[in-house]
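Listed below, chain by chain, are the residues.
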Amino acid sequence: SLLPPSMFRYDGSAYAPTIVNVTIAINTLIKVDDVSTQVTLDLWFRQYWRDDRWYFPDEMWQSMNPAVHREGMEIAPYIRNSNQLNIWLPDTYIIEAVEADFVSELIHLFPNRTIFWSRHFLVTLTEPQMDLHDYPDDTQDFTITLQSFAYSTDYVLLSFINHHGIVFVPDSSGQPYASLNQLCKSHILMLLF
C-alpha cells in the first residue's frame, strides 16, 4: 500500500503532516442499549486531503464535463474492483466503535489533487458509564475519538471541517434531531479530539 503524502517532499520545503479533514454526519440514532451502555448510529464518515503525487494534465481535465470540476471524478471502482489505482487512503478509525457495518462509499478525485472519501456506516459505540438517574429524561454523552491507526501526528493530522465536527442531519422541519424514545436528546454526543 502507498504511504501518506507526508512521507515525501516534492518542492524542497520542510516535511509536514498530511492534513486529513474529517466530518461525521449522523443520519439516524438507531438504538440505545442501557444494559450494554452502547449506542448504534447510522452515519456518514467523510474525509478529504490533498495528495500531490496525483497529476493529470490540464488537457485531460479540460476535456471532461465541467461538472467533474465541481463534483470530482469517481475513482472508487478503480480502487476496489480492479485495483488499477494504487492510492493512499487514511486509516482513520473510531476508538469507541465495537462494531461497524459498511453500507457504501464513494471516492472522488478533483483537479486540484484533493481526494474526497465518503463512507456510510452503521456504527455501534460503547461508553463505560451511562447516567440513568433521571430516567426516562436522561441525557447521555457519548465520546467519539478519532485516530489514525498506523501513523503518528508527524505523518497524519486529523482536523474537523467545522468546529462542531459532528453534524446532525435535519428532520423534516429542518431542525437537527437525534432522539429515541425520549431517552436521548439532540446533544447526545460529546466530542473529544
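Keep in mind that what you see is a predicted model, and the values were worked out from it rather than measured.

What counts and how
- Residues numbered from 1 in each chain as written.
- Predicted model: local features only at pLDDT ≥ 70, side-chain atom pairs only at ≥ 80, totals over all residues.
- Heavy atoms only, no water.
- Helix = DSSP H or I, 4+ residues; strand = E, 2+ residues; numbered from the N terminus.
- Areas by Shrake-Rupley, 256 points an atom, 1.4 Å probe, with all protein chains shown as cover.
- Core = buried A, V, L, I, M, F, W, Y, C linked by side-chain atoms within 4.5 Å.
- Buried < 20%, exposed > 50% of the residue type's maximum accessible area, 1.4 Å probe, protein only.
- Polar contact = N/O pair within 3.5 Å; in protein donor to acceptor, adjacent residues only side chain to side chain.
- Contact = heavy atoms within 4.5 Å.
- Phe/Tyr/Trp six-rings, centres within 6.5 Å; stacked < 30°, edge-to-face > 60°.
- Lys NZ or Arg CZ within 6 Å of the ring centre and 35° of its normal.
- Pairing = 2+ DSSP bridges.
- Salt bridge = Lys/Arg side-chain N within 4 Å of Asp/Glu carboxyl O.
- Lys, Arg positive; Asp, Glu negative; His and termini not counted.

Novice: Account for the overall build of the chain, with residues named and values stated.
Specialist: Each helix and strand in the chain was counted, giving three helices and 11 strands. Listed N to C, the secondary structure of the chain is β-β-α-α-β-α-β-β-β-β-β-β-β-β in terms of helices and strands. Looking at the chain as shown, the accessible area adds up to about 11200 Å², and 52% of this sits on carbon and sulfur atoms.

Novice: How would you explain the nonpolar core if you had to name every residue and give the values?
Specialist: Of all hydrophobic cores here, the largest spans 36 residues; its most connected members are Leu43, Ile107 and Leu146. Elements with a minimum of two residues in this core: β1 (18-33), β2 (38-50), α3 (76-80), β5 (97-109), β6 (114-126), β7 (142-144) and β9 (156-160). By residue number, the principal contributor to this core is β1, which donates six residues.

Novice: Describe in detail the side chain of Ser118, supporting the description with residues and values.
Specialist: Relative to the assigned elements, Ser118 resides in strand β6. Judged by relative accessible area, which is 8%, Ser118 ranks as buried. At 3.5 Å, the side chain of Ser118 and the side chain of Arg46 are in polar contact. Residues contacting Ser118, with those up to four places away along its chain left out, are Trp44, Phe45, Arg46, Ser104, Glu105 and Leu106.

Novice: Requested: an account of the packing of aromatic side chains, with residues and values cited.
Specialist: In this structure the tally under the stated criterion is four aromatic pairs. With a centroid separation of 5.8 Å and 85 degrees between ring planes, the pair formed by Trp49 and Trp88 is classed as edge-to-face. Taken together, the residues span a long stretch of sequence, with Trp49 in strand β2 and Trp88 in the loop between α3 and β4 (92-94) at a distance of 39 residues. Considered together, Trp49 and Trp88 belong to a single accessibility category, that of buried residues. Sitting over the face of the ring of Trp117, Arg119 holds its NZ or CZ atom 3.9 Å from the ring centroid.

Novice: Quick rundown of the pairing of β5? Include the residues and the values.
Specialist: Examined bridge by bridge, strand β3 (residues 73-74) and β5 share two bridges and lie antiparallel to one another. Its bridge partner being in β5, Met73 is matched across the sheet by Leu109. Judged from the 11 bridges that link them, β5 and β6 form a sheet pairing that is antiparallel. Opposite Ile107, over in β6, you have Trp117 as the bridge partner. Between β5 and β6, which pair antiparallel in sequence order, lie four residues; one of them, Arg113, sits at a positive phi of approximately 75 degrees.

Novice: Before we move on, can you summarise the pattern of salt bridges with the specific residues and values?
Specialist: In this structure the tally under the stated criterion is three salt bridges. Here Arg50 ties to Asp52 by a salt bridge, and the two come within 2.7 Å at their closest N and O atoms. Residue class for Arg50 comes out partly exposed when judged on its relative accessible area of 43%. Among the salt bridges present, the one from Asp52 reaches Arg113, with a minimum N-O distance of 4.0 Å. Of the two residues, Asp52 is situated in the loop between β2 and α1 (58-62) and Arg113 in the loop between β5 and β6; the sequence distance between them amounts to 61 residues.

Novice: So, the pairing of β2: which residues are in play, and what are the values?
Specialist: Bridge count for β1 against β2 is 11 bridges, and the pairing is antiparallel. Across the sheet, residue Lys31 finds its bridge partner in β2, namely Thr40. Adjacent in sequence and paired antiparallel, β1 and β2 are bridged by four residues, among which Thr37 carries a positive phi angle near 50 degrees.

Novice: A description of the side chain of Glu96 should follow, citing residues and the corresponding values.
Specialist: Within the element layout of this structure, Glu96 appears in the loop between β4 and β5. Of the side chains with opposite charge, Arg119 lies nearest to the buried Glu96, which makes no salt bridge, at 14 Å. If we ignore the near neighbours within four places in the chain, the residues touching Glu96 are Thr124, Leu125, Thr126, Thr143, Ile144 and Thr145.

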